[in-house]
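# Inside the fold
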Amino acid sequence: MTTSSSSSSSSLFLLILLLCTASHTIPTLSSANIEAYPSIPGTQTTTDFSNNGELDLAPVRREVYGGGRIIDISHRYTPDMPSWDSVDGVGQFLWLPKSMKNGSLANNSEMKLPTHTGTHVDAPGHVFDHYFDAGFDVDTLDLDVLNGQALLVDVPRDKNITAEVMKSLNIPRGVRRVLFRTLNTDRRLMFKKDFDTSYVGFMKDGAQWLVDNTDIKLVGIDYLSVAAYDDLIPSHLVLLEGREIILVEGLKLDNVQPGIYSVHCLPLRLLGAEGSPIRCILIK
């Protein structure tokens, strides 16, 4: 009697153990979606085979993650995003020469676009030819500068970033990374196809004031150039000459409150390139 009872208990324990193991090792489609490709809140998450027996998938494109803790401040690449000195936008930049629909084993895309497109980073070789020849490319940029605590500030909306504006922002010594939100964000210039020369950026005296009076090593701004169109090269020269300041341009700063965040920007490791597309996020 005791042996039989013990045997039954052991069998029941093994059965429960196997069921628990199975439930952890064979996740359902809906649980996989929640972790990697979250569904839109409030929509059905169960599998739907109503489309001629095929799985009906609806990917979600987001700007915030982790319940608002992570904010994507890089722009999505589209043919209609602005391109420098162009009224036609970026245009087609992505092709699918190898397609499963045409018999290929897998889909393999190719792309071609300027390295200073969308949200991107400048290396010193961008405006200094001797730095370019010496190899100061995006692969040499300091990731410690591109990742860490950052201050997001609102710039007065009626002017470029001059020495007077920089002084009025009262950025304290010790702050190493600053993201400057300007009228460019209000005007949604990064969402317009036509390149706009009236964008807000640094004037030469503002760039010089930053170099002389702050500890800023990362300068981020919300259009394709950190420098105002009328002071384009002079401002770049001031900021990049010392090879200590990294410029991040084309940031998406709408719907983000001013304040202190942890910023994380990672350029591609492009040997010999003076610029690179970059993915930037803020973490609260």
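In short, a report on the structure. None of the values given here were measured: they were computed from a predicted structure.

## Some words on the environment of serine 109
- Mapping serine 109 onto the fold places it in strand β4 (residues 108–111).
- For the pair formed by serine 109 and proline 97, sequence separation is 12 residues and the distance between their alpha carbons is 6.4 Å.
- If sequence neighbours within four positions are ignored, serine 109 has contacts with Leu94, Trp95, Leu96 and Pro97.

## Here's the deal with the packing of helix α7 (residues 204–213) against helix α8 (residues 232–240)
- Relative orientation of the contacting elements α7 and α8 amounts to 10°, with a least axis distance of 8 Å. Overall, the two elements α7 and α8 adopt an arrangement that is roughly parallel. In contact with Lys204, Ala207, Gln208, Leu210 and Val211 of α7, α8 contributes Pro234, Ser235, Val238 and Leu239.
- In the contact of α7 with α8, the residues fall into six nonpolar, two polar and one charged.

## Regarding the pattern of salt bridges
- In this structure the tally under the stated criterion is 12 salt bridges.
- A salt bridge links aspartate 72 to arginine 279; the nearest nitrogen and oxygen atoms lie 2.7 Å apart. Here aspartate 72 is found in strand β2 (residues 70–72), whereas its partner arginine 279 is found in strand β11 (residues 275–283), with 207 residues between them in sequence.

## Re empty space enclosed by the protein
- Tallied over the entire structure, the rule returns one cavity of 30 Å³ or more.
- As a volume, the largest cavity reaches approximately 70 Å³.
- Along the walls of the largest cavity sit His75, Asn184, Thr185, Arg188, Leu189, Met190, Phe191, Asp222, Leu251, Lys252, Leu253 and Asp254, which together make up its complete lining.
- Here the residues of the lining of the largest cavity sort into five nonpolar, three polar and four charged.

Analysis parameters
Residues numbered from 1 in each chain as written. Predicted model: local features only at pLDDT ≥ 70, side-chain atom pairs only at ≥ 80, totals over all residues. Heavy atoms only, no water. Helix = DSSP H or I, 4+ residues; strand = E, 2+ residues; numbered from the N terminus. Contact = heavy atoms within 4.5 Å. Axes fitted to C-alpha atoms, helices over the stretch in contact; angles between N-to-C directions. Parallel < 35°, antiparallel > 145°, perpendicular 65-115°, else oblique. Nonpolar A, V, L, I, M, F, W, Y, C, P; charged D, E, K, R; others polar. Salt bridge = Lys/Arg side-chain N within 4 Å of Asp/Glu carboxyl O. 1 Å grid on protein atoms, 1.4 Å probe; cavity = no way out; pocket = protein on both sides within 12 Å on 5 of 7 lines; lining within 4 Å. Points joined across faces, edges and corners; volume = space filled by probe spheres on them.

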